[in-house]
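Results of the structural survey
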Amino acid sequence: MDDRSVPSEEAPSGAGNPEEPDNLAYQEPRIVQNFYGSVNNIQDLENANNGHNYGTLNLVGFGPSNSAARHQQDINAIDQAATNLIRLLRPILDASHNRDRKLSPPDSACFAGTRTDVIRRIVAWADSTLLWNTHVLWLYGYVGCGKSAIALAIALGFERRKRLVGSFFFFRNTGDRSRMTKFATTLACQLADAIPEAAPFIEKAVKTKPGLLQLNVVAQLRHLVYEPFKAAARSAGRLLWTTLVEGPFLIVIDGLDECEDRQDVEDFIDDMLEFFKNNLLVPLRFFITSRVEQHIQGRLKNNQVRLENLINDCSRDDIDTFMTTCFEEERKRNPVIKAYIQKHGEWPTKADKDKLVDHINGSFIFASALFKYIVDPTDYQLTPMERLPHTLDMNPGLDTLYAQTLSRSQHVPHFTDVISTFALLFEPLSIVKIAELLGIEAYRVVHVFLNLQAVIHIPGTDDLPVTMCHTSLRDFLTTETRSGAFFVPPSYHLNLSYRCFSLNLEDDLSRHPWYLHNTYRWRFHQRHWKKFVATTPLQSASAGLEQLSHLSDRGLSYHLFSFLHAFFCVFEEGSDYAPIQAMEILISCIDSLALALECDPAPDRSVPCSEIEHEHATTLKYHVFHAETKSLRGQSWVPLGSRLLVSHLDI
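Remember, it's a predicted structure, so these values are computed and weren't measured experimentally.

Relative to the assigned elements, F287 resides in strand 6 (residues 284–290). For F287, a relative accessible area of 0% translates into the label buried. For F287 and A151, which are 136 residues apart along the polypeptide, the C-alpha to C-alpha distance reads 8.0 Å.

Okay, structure coming up:
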């Protein structure tokens with residue numbers, strides 16, 4: 001099991017192009033291909049097929065009867081229904097097991113011959129139709145023990161057997177994939193695709209229940225997944241036959257601990273168990289993997305759930321198989337290793353490989369990261385033969401490896417800014433976008449990342465997102481006791497908030513606000529600020545703005561940002577400034593506003609009310625109009641700064 005992609009499963013080829021009959025006036029309809037597989041590269045919604053497609057593709061000839069036209073109408077109707085459902089539900093297209101794992105981690109797959117025992121037990125559980133069998137299996141274990149690779153293997157296996165309803169692979173800080181927002185709608189689209197009989201029930205639920213897509217995840221799962229599956233199972237003989245002959249259908253959920261919406265996760269688990277408690281005969285199973293988190297463990301450890309502890313299945317033989325295969329492949333393609341073997345014989349020796357396997361101690365992610373470190377093609381100072389002994393000196397676990405790898409770029413210009421940004425982003429960005437956010441050139445970002453490929457996925461082009469091999473790297477960087485000199489403090493969210501604000505304002509003043517809504521900086525500039533405030537005592541938040549004092553370009557955006565956020569600190573919910581403190585802050589606000597007005601490139605203009613300016617000014621008005629409820633009531637300087645700004649924005 002490693003970070004390599006497994007070969008994609010190809011659909012069987014069709015019957016080819018049979019010769020045309022002599023009589024073209026009449027052709028009987030022919031089934032020329034049974035299609036099953038995935039359509040992943042969706043460029044146009046009109047051609048979209050989300051997830052997997054099971055069924056028959058009928059290519060129909062022409063003839064005097066209307067059968068061809070009817071068949072074509074049926075195909076068109078199915079295509080249109082699928083398109084309509086995708087438009088209605090707007091699912092995530094990169095959350096399933098069929099996503100491009102290089103662009104959408106985790107990139108984990110089981111090596112042939114590994115994890116066979118645990119996979120066999122999971123398959124036996126999912127195949128069982130015994131009434132006392134549980135509907136839910138929870139596979140849990142520590143970081144890097146192979147949970148995602150096993151989830152992928154199970155999903156692929158049940159897809160081949162046409163019993164996979166859907167899959168969702170959570171991954172932290174990847175936008176919707178780290179939230180519950182699109183969880184139900186994505187599974188619903190996959191359900192409609194895997195079991196077409198469920199599609200009408202899903203579409204009916206959306207159309208007859210206004211506001212359903214704005215309800216909580218529990219309501220959405222009930223109406224879009226559970227009930228449509230039940231209805232399809234009752235009405236479709238095919239589903240009953242499949243269940244009786246082969247076993248129930250399966251939904252695979254990987255990395256549930258990676259979901260940021262902890263309360264929604266708890267609600268999902270509670271409602272799922274309640275649904276199965278009241279529907280014991282429904283032929284549906286949930287396979288869930290996660291780390292042991294209290295909000296998950298406290299709900300899944302009960303008699304309705306089968307538990308599988310993966311720690312007990314991390315065998316030395318599997319690690320040995322993995323490392324042997326990796327070294328064999330590297331020996332074939334690495335000319336340095338080939339030249340070494342010609343003179344010195346076998347590498348690595350059996351004794352060295354055994355030491356390495358023992359040192360890894362059952363962690364697949366540690367094994368994968370160590371191997372990448374040993375054969376790292378960007379390290380020109382040491383050969384793989386010289387790096388192998390160093391790995392045996394590393395403490396078992398990832399922290400030492402992370403520190404060792406990061407130290408190779410520590411001296412590179414902009415290292416701290418690039419790594420801090422990379423660690424705190426709410427969704428992955430490309431090299432170009434990271435450079436834009438930091439105000440540096442793209443080659444500077446590449447220079448930092450180049451030596452870190454043992455722990456970071458760098459795509460082939462600068463416009464695809466850079467991702468972490470494993471989210472444990474973010475945990476390492478944001479935990480001071482673990483990362484030491486590489487620690488990324490939460491206060492760096494302030495820098496990111498400012499950079500987003502500055503770029504937004506620049507585009508806004510340049511009359512280019514029309515594309516901002518789809519940009520990272522538009523969607524997350526306020527969230528970075530809120531993260532900064534959430535991790536900083538309110539009394540210190542305004543003082544924290546001094547972190548930006550090192551900026552050389554202290555123009556309009558700097559002073560306006562300082563004014564707006566210092567002002568909001570005073571009126572933030574839960575703030576408890578003494579009147580004198582508040583007065584000092586607001587006086588500094590007025591100073592910042594005055595400096596901002598002086599920096600305005602067109603101070604005499606009547607500024608049109610763009611969306612960005614309107615958002616800030618409207619929020620500002622709200623705080624001013626409610627300031628009388630605060631202890632600052634009656635102070636003439638409270639609304640002064642905001643009135644100046646509102647007047648300047650001409651709204």
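Here we come to unusual backbone geometry. Cis geometry is found at the peptide bond from P105 to P106, where omega equals 5 degrees. With respect to the secondary-structure elements, P106 resides in the loop between helix 1 (67–89) and helix 2 (116–127). Cis geometry is found at the peptide bond from W347 to P348, where omega equals -10 degrees. Of note, P348 is situated in the loop between helix 11 (335–344) and helix 12 (350–360). Of note in this structure, R90 is not a glycine but carries a positive phi near 50 degrees. Checked against the element boundaries, R90 lands in the loop between helix 1 and helix 2. Even without being a glycine, N173 presents a positive backbone phi close to 55 degrees. Following the sequence through the fold, N173 ends up in the loop between strand 4 (164–169) and helix 4 (183–194).

Here we have 5 strands laid out as an open sheet, ordered 4-5-6-3-7, and parallel in their pairing. Each having just a single partner strand, strand 4 and strand 7 (305–309) make up the two edges of the open sheet. If you compare each strand with its neighbour and ignore which way they point, the axes differ by 15 degrees on average. Alignment of strand 3 (residues 136–140) against strand 6, held across 5 bridges, turns out to be parallel. Residue Y140 lies in a different strand from strand 6, and its bridge partner there is S290. Here helix 3 (residues 147–160) sits on the sheet in contact with strand 3, strand 4, strand 5 (249–254) and strand 6, set at roughly 155 degrees to strand 5.

To continue, consider the pairing of strand 6. With 7 of 7 residues buried, strand 6 lies mostly within the body of the structure. Judged by which residues are buried, strand 6 turns out to be covered on both faces: L284, F286, I288 and S290 on one side and R285, F287 and T289 on the other are all buried. Summarising the sheet, strand 5 and strand 6 pair through 5 bridges and their orientation is parallel. Bridge assignment links F249 to a residue of strand 6, and that residue is L284.

The terminal C-alpha atoms of helix 4, which comprises 12 residues, lie 17 Å apart, in line with the 16 Å expected from a rise of 1.5 Å per residue. Of all 12 residues in helix 4, 12 are buried, a share of seventy percent or more. Among all positions in helix 4, only F183, A184, T185, T186, L187, A188, C189, Q190, L191, A192, D193 and A194 are buried.

Counting residues in each nonpolar core, the largest one holds 64 residues, and the members touching the most others are M323, I419, F449, L473 and L477. With 9 residues, helix 13 (residues 364–374) is the single largest residue contributor to this core. Membership of the second largest hydrophobic core comes to 56 residues, among which are A194, I202, F229 and L239.

Turning our eyes to something else, we now look at a nonpolar patch on the surface. On the surface, L130, L131, W132, L280 and L281 cluster together into a nonpolar patch covering about 650 Å² of accessible area. Looking at the element boundaries, L131 is found in the loop between helix 2 and strand 3. Judged by relative accessible area, which is 63%, L131 ranks as exposed.

A separate point is the pattern of salt bridges. Scanning the model with the defined rule gives 31 salt bridges in all. Two residues, E260 and R527, come together in a salt bridge whose shortest N-O distance is 2.9 Å. Here E260 is found in the loop between strand 5 and helix 8 (262–278), whereas its partner R527 is found in helix 22 (residues 520–534), with 267 residues between them in sequence. Between R521 and E436 there is a salt bridge whose closest N-O contact spans 3.4 Å. On the criterion of sequence distance, the pair formed by R521 in helix 22 and E436 in helix 17 (residues 431–438) is long-range, its members being 85 residues apart. Take E436: its relative accessible area is 34%, and that puts it in the partly exposed class. Several salt bridges share partner residues, and in doing so they unite R172, D257, E258, R291 and D475 into one network.

All right, on to the pairing of strand 3 then. Of all 5 residues in strand 3, 5 are buried; the element is thus mostly enclosed. Summarising the sheet, strand 3 and strand 7 pair through 5 bridges and their orientation is parallel. Bridge pairing in strand 7 places L139 opposite E308.

In this section: the packing of helix 4 against helix 6 (residues 217–235). For the pair helix 4 and helix 6, interaxial distance at closest approach is 8 Å and the crossing angle is 10 degrees. Classed by the angle they form, the pair helix 4 and helix 6 counts as roughly parallel. Residues F183, A184, T185, L187, A188 and L191 of helix 4 lie in contact with helix 6, whose contacting residues are V217, Q220, L221, L224, V225, P228 and F229. When grouped by side-chain class, the residues that make up the contact of helix 4 with helix 6 number 11 nonpolar, 2 polar and no charged.

A word on the packing of aromatic side chains. If you walk through the whole model with that rule in mind, you get 21 aromatic pairs. Ring geometry for F276 and F286: centres 6.0 Å apart, planes at 70 degrees, overall edge-to-face. Note that F276 is positioned in helix 8 and F286 in strand 6, a separation of 10 residues in sequence. On the numbers, 5.5 Å between centres and 50 degrees between planes, the contact of Y402 with F476 is tilted. Of the two residues, Y402 is situated in helix 15 (residues 399–406) and F476 in helix 19 (residues 472–477); the sequence distance between them amounts to 74 residues. Assessed through its relative accessible area of 4%, Y402 is described here as buried. On the accessibility criterion, F476 (0% relative accessible area) is buried.

Calculation criteria
The numbering scheme is per chain: residues are counted from 1 as the chain's sequence reads. Restriction of local features to residues with pLDDT of at least 70 applies here, the model being predicted, together with a cutoff of 80 or more for giving and counting side-chain atom pairs; totals for whole chains, interfaces and linings are based on all residues. To get the side-chain values, all heavy atoms of the structure are used, and hydrogens and water are removed first. Helical segments are the DSSP runs of H or I of at least four residues, strand segments are the runs of E of at least two, and each set is numbered from the N terminus. Classification of residues uses two cut-offs on accessible area relative to the type maximum, computed with a 1.4 Å probe and protein chains only: under 20% is buried, over 50% is exposed, and between them is partly exposed. The pairing criterion for strands is at least two bridges between them, as found by DSSP. Interaxial angles span 0 to 180 degrees and are taken between N-to-C directions of axes, which are lines fitted to C-alpha atoms, for helices over the stretch in contact. Note on contacts: a residue pair qualifies if any of its non-hydrogen atoms lie within 4.5 Å across the two residues. Here the expected span of a helix is defined as 1.5 Å times the quantity of residues minus one. Residues enter a nonpolar core if they are buried and are Ala, Val, Leu, Ile, Met, Phe, Trp, Tyr or Cys, with the set joined through side-chain atoms within 4.5 Å. For patches, a residue must show more than 30% relative accessible area and have no salt bridge; joins then use 9 Å for like charges and 5 Å for nonpolar side chains, namely Val, Leu, Ile, Met, Phe, Trp and Tyr. Accessible areas in this description were obtained via Shrake-Rupley with a 1.4 Å probe; residue shielding takes into account the shown protein chains only. What counts as a salt bridge is simple: a side-chain nitrogen of Lys or Arg found within 4 Å of a carboxyl oxygen of Asp or Glu. Note that the term roughly parallel is reserved for angles under 35 degrees, roughly antiparallel for angles over 145, roughly perpendicular for angles of 65 to 115, and oblique for everything else. Only Asp, Glu, Lys and Arg are considered charged, only Ala, Val, Leu, Ile, Met, Phe, Trp, Tyr, Cys and Pro nonpolar, and every remaining residue, Gly among them, polar. Side-chain rings of Phe, Tyr and Trp, where Trp is taken by its six-membered ring, are said to pair if the distance between their centres is within 6.5 Å; with planes under 30 degrees apart they count as stacked, over 60 as edge-to-face, and otherwise as tilted.

These figures come from the coordinates and say nothing about function on their own.
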